[in-house]
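Analysis of the macromolecular model
The residues making up each chain are set out below.
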Amino acid sequence: MRSVICPDVSESKSRFDRLVREWKSFESPSSSAMDLAMHPAYQQIIALGPIAIPWIIEELEKEPDHWFWALHCLTGGVDPVPPSDRGDIAAMSAAWLKCAAENE
């Protein structure tokens, strides 16, 4: 019997994919990083826990985006982005991808 509290990985991945679509449909050029991070779908992605980290990294590999707060939360406060790159989504994404590759 599968637990409702601990769904299997495929269910979690399906939920993640659905939440990403919902979150990305909310994004607009005028969306602030805070608005994006506080969106209910984004918060639900964080609530999935560390299982979501590799999926977020996959999303960053496809396209730089505002995944930094989720990664910061899910990794216990890791922040590989140098101060000089703050605000540069492509550079911030590259820093996280490099960190992920080095800490597989």
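Residues numbered from 1 in each chain as written. Predicted model: local features only at pLDDT ≥ 70, side-chain atom pairs only at ≥ 80, totals over all residues. Heavy atoms only, no water.

Regarding the overall build of the protein
From N to C terminus, the protein includes six helices and zero strands. Helices and strands appear in the protein in the N-to-C order α-α-α-α-α-α. Scaling as 2.2 N^0.38, a compact globule of 104 residues should have a C-alpha radius of gyration of about 13 Å, and the protein matches this with 14 Å. Each principal axis of the C-alpha distribution contributes one length, and for the protein these read about 50 × 35 × 20 Å. Buried residues in the protein amount to 34% of all 104 residues. Sequence-distant contacts, at least 24 apart, represent 54% of the contacts inside the protein between residues at least 6 apart. For the protein, the exposed area adds up to about 6,300 Å²; of that, 59% sits on carbon and sulfur atoms. For the protein, the distance from the average position of its 9 positive side-chain charges to the average position of its 16 negative side-chain charges is 5 Å. (Helix = DSSP H or I, 4+ residues; strand = E, 2+ residues; numbered from the N terminus. Rg over C-alpha atoms; globule rule 2.2 N^0.38 Å. Buried < 20%, exposed > 50% of the residue type's maximum accessible area, 1.4 Å probe, protein only. Contact = heavy atoms within 4.5 Å. Areas by Shrake-Rupley, 256 points an atom, 1.4 Å probe, with all protein chains shown as cover. Lys, Arg positive; Asp, Glu negative; His and termini not counted. Charge placed at Lys NZ, Arg CZ, Asp CG, Glu CD.)

Regarding helix α3 (residues 40-47)
When we look at burial in α3, the residues that qualify are A41, Y42, I45 and I46. An end-on view of α3 places all buried positions within 145 degrees of arc, on one side of the element. Looking at the buried residues of α3, the elements they touch are α1 (9-26), α2 (33-38), α4 (53-62) and α5 (68-74). (Arc of directions from axis to C-beta.)

Some details on the nonpolar core
Side chains of nonpolar character tend, in soluble globular proteins, to be buried together. In terms of nonpolar packing, the biggest core is built from 26 residues, with F16, Y42, I45, A52, I56, W67 and L71 touching the most fellow members. Apart from residues no more than four positions distant in its own chain, W67 is found in contact with V20, W23, Y42, I45, I56, E59 and L60. (Core = buried A, V, L, I, M, F, W, Y, C linked by side-chain atoms within 4.5 Å.)

Regarding the pattern of salt bridges
With the rule as written, the count across this model stands at seven salt bridges. The partner of R18 in a salt bridge is E22, with the nearest N and O atoms 3.9 Å apart. One end of the pair is R18 and the other is E22, both in helix α1 and four residues apart, which spans about a single turn. With relative accessibility at 39%, the residue R18 sits in the partly exposed group. One salt bridge in this structure joins K24 and E63, with 3.4 Å as the shortest N-O distance. Residue K24 is found in helix α1, and its partner E63 is found in the loop between α4 and α5; the two are separated by 39 residues along the sequence. (Salt bridge = Lys/Arg side-chain N within 4 Å of Asp/Glu carboxyl O.)

Section: the packing of α4 against helix α6 (residues 89-102)
At a closest axis distance of 10 Å, the pairing of α4 and α6 adopts a crossing angle of 130 degrees. By the angle between their directions, the pair α4 and α6 is classed as oblique. The chirality of how α4 crosses α6 is left-handed. On the side of α4, the interface is formed by I57, L60 and E61, while α6 contributes S93, W96, L97 and A100. (Axes fitted to C-alpha atoms, helices over the stretch in contact; angles between N-to-C directions. Parallel < 35°, antiparallel > 145°, perpendicular 65-115°, else oblique. Left-handed = near helix turned anticlockwise from the far one by under 90°.)

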